[in-house]
Amino acid sequence: MLAAIEAGGTKFVCGIGDATGSRLTRTIPTRDPDSTLADVARFLAEAAAEHGAFTAIGIGSFGPLDLDRTSPTYGSIAATPKPGWAGTDMPGFLKARFGVPVAIDTDVNVAALAEARLSGVRRLAYVTVGTGIGVGFARNGETETGFGHAEAGHIPVRRHADHGIFAGTCPFHGDCLEGMASGPAIKAAWGHSLEGLPPDHPAWDVTATYLGQLCRTLILTTMPERIVLGGGVMAQERLLPLVREATEKQLNGYCGPWTHEAFTTRIHLPQSQEPPGLVGAYLLAATVADQ
Ligand code: ZN
């Protein structure tokens, strides 16, 4: 039995079980670190009493995270505008509370791990498009980490003509990818989220074009076998085929093993039965269970 935590900016999804399925899960609203982690610990203790002890804990967390293995604050939340969370050491807290090994990585890295395992591919990029845009990478059953984690949601994008002079919403870069195509960016530019906009509204093509630029960059720089697009914005079914089309159009035939068919078979929504971040957190826990 393993414990898994998908630590998000608005909610923590906790479970005990393993990567094939949870025995029990609970969703806890994210507040200040002390009360949130106290609820997490209470759930894990109750779940263990009911279903048996767990041997390790895996955490897929919102970032930024200190993932430099040589750092004295390894595993802690790094500088974040989220009040109270900077410097929070979740692995340290849980290790002290339960006396089992605890592993941590980003929510998108562990989600990549889960989706790579499920689809049996060696290289996978997992993208979440929601409140922010994050990208995680799995390669040969491991996540891409050791010094830090990628921040590909903040790559520069080429402005879409229909976006006019919209300044973008990223507090650091303005019109980076996250500033132009995240949920809050769509709302700021058009006054509605995509679900509130008709199919012929320019917001669809604008958003798909930016996400196509990300997929293009991912293919050119990391050559993944599969790109998985998750998050609240991708829940709009019309968007995925538009992103596939935009990616293929932009690459214009220059994309190595990505043939025409690849754009429909290799760019996908998540396939995990449970949230990919939770499934990935179990996989991460399994890597330290024997330590
Ligand atoms: Zn940015």
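The structure displayed is predicted, hence computed values, not measured ones. Per-chain numbering applies: the sequence of each chain, read as written, is numbered from 1 onward. In keeping with the predicted nature of the model, local features appear solely for residues at pLDDT of at least 70, side-chain atom pairs appear and are counted solely at 80 or more, and the whole-chain, interface and lining totals rest on all residues. Just so you know, side-chain values use all the structure's heavy atoms and leave hydrogens and water out.

Caption draft 1: Fine view of the side chain of N109. Each helix is a run of H or I in the DSSP string that is no shorter than four residues. Each strand is a run of E no shorter than two, and both are numbered from the N terminus. In this fold, N109 is placed in helix α3 (residues 107-119). Classification of residues uses two cut-offs on accessible area relative to the type maximum, computed with a 1.4 Å probe and protein chains only: under 20% is buried, over 50% is exposed, and between them is partly exposed. Given the relative accessible area of 2%, N109 is considered buried. Not counting chain neighbours up to four residues away, the residues in contact with N109 comprise G136, F137, T143, E144, T145 and H149. Residues count as neighbours in contact if any of their non-hydrogen atoms are within 4.5 Å of one another.

Caption draft 2: Layout of the domain arrangement of the chain. For the purposes of this description, domain bounds are those given by an automatic or database domain assignment. Taken domain by domain, the chain holds domain 1 (2-106 + 274-286) and domain 2 (110-268). Computed over C-alpha atoms only, the centres of domain 1 and domain 2 are separated by 26 Å. In this assembly, 16 residues from domain 1 lie in contact with 14 residues from domain 2. A quick way to say it: buried area is the sum, across both parts, of accessible area lost when two parts are put together, with a 1.4 Å probe. Summed over both partners, the interface of domain 1 with domain 2 comes to about 1,200 Å²; 66% of that surface belongs to carbon and sulfur atoms. A carboxyl oxygen of Asp or Glu within 4 Å of a side-chain nitrogen of Lys or Arg is what we treat as a salt bridge. Linking domain 1 to domain 2 there are 0 salt bridges. Polar contact criterion, stated in full: a pair of N or O atoms within 3.5 Å, where within protein one must be able to donate a hydrogen and the other to accept it, and residues adjacent in sequence count only if both atoms are side-chain atoms. Linking domain 1 to domain 2 there are 5 residue pairs in polar contact (both at pLDDT 80 or more). Looking at the side of domain 1 that touches domain 2 element by element, the count peaks at 7 residues for helix α9 (residues 276-288). Tallied by class, the residues present in the side of domain 1 that touches domain 2 amount to 9 nonpolar, 4 polar and 3 charged. As a working rule, the residues Ala, Val, Leu, Ile, Met, Phe, Trp, Tyr, Cys and Pro are called nonpolar, Asp, Glu, Lys and Arg charged, and the rest polar, with Gly in that last group.

Caption draft 3: Layout of the coordination of the zinc ion. Coordination of the zinc ion by the protein comes from H154 (ND1), C170 (SG), H173 (ND1) and C176 (SG), over a distance range of 2.1 to 2.3 Å. One chain supplies every donor to the zinc ion, and in sequence these donors are spaced H-x15-C-x2-H-x2-C. Each metal's donors comprise the N, O and S atoms found within 2.8 Å of it (within 3.2 Å for Na, K or Ca). Water is not part of the atom list, so some coordination spheres may appear incomplete.

Caption draft 4: Structural detail: the packing of aromatic side chains. A pair of aromatic rings is counted whenever rings of Phe, Tyr or Trp (Trp by its six-membered ring) have centres within 6.5 Å, and the orientation is called stacked for planes under 30 degrees apart, edge-to-face for over 60 and tilted otherwise. Here the structure, examined in full by the defined rule, presents 4 aromatic pairs. Positioned above the aromatic ring of F98 is the side chain of R97, whose terminal nitrogen or guanidinium carbon lies 4.8 Å from the ring centre. In this analysis the charged atom, NZ for Lys or CZ for Arg, is taken to sit over a ring once it is within 6 Å of the ring centre and within 35 degrees of the ring normal. Directly above the ring of W204 sits R238, whose terminal nitrogen or CZ lies 4.6 Å from the centroid.

Caption draft 5: Fine view of the pairing of strand β5 (residues 102-106). Taken across its 5 residues, β5 has 5 buried, putting it largely inside the fold. In this structure, strand β4 (residues 57-61) lies alongside β5, joined through 5 bridges in parallel fashion. From the neighbouring strand, S61 faces β5, where its bridge partner is T106. After leaving β4, the chain enters helix α2 (residues 90-98) and then returns to the sheet as β5, a path that is right-handed. Strand pairing is defined by DSSP finding a minimum of two bridges between the two strands. By definition, the crossover connecting two strands over a helix is right-handed if that path, from the first strand to the second, turns clockwise as seen with the strands pointing away from the viewer.

Caption draft 6: Spatial organisation of the sheet that holds β4. Read across the sheet, 5 strands follow the order β3-β2-β1-β4-β5 without closing on themselves; strand pairing throughout is mixed. Taken across any chain shown, the strands that pair with only one partner, and hence form the sheet edges, are β3 (21-29) and β5. Mean inter-strand twist for the sheet, computed between neighbouring axes without regard to direction, equals 15°. Alignment of strand β1 (residues 2-7) against strand β2 (residues 11-18), held across 6 bridges, turns out to be antiparallel. What sits directly across from A7, in β2, is F12. Sheet strands touched by helix α1 (residues 33-51): β1, β2, β3 and β4. Its angle to β3, the strand with the most contacts, is close to 155°. α3 contacts β4 and β5 of the sheet and is inclined by roughly 100° relative to β5. Axis definition: a line fitted to C-alpha atoms, limited for helices to the stretch in contact. Angles are taken between N-to-C directions and run from 0 to 180 degrees.

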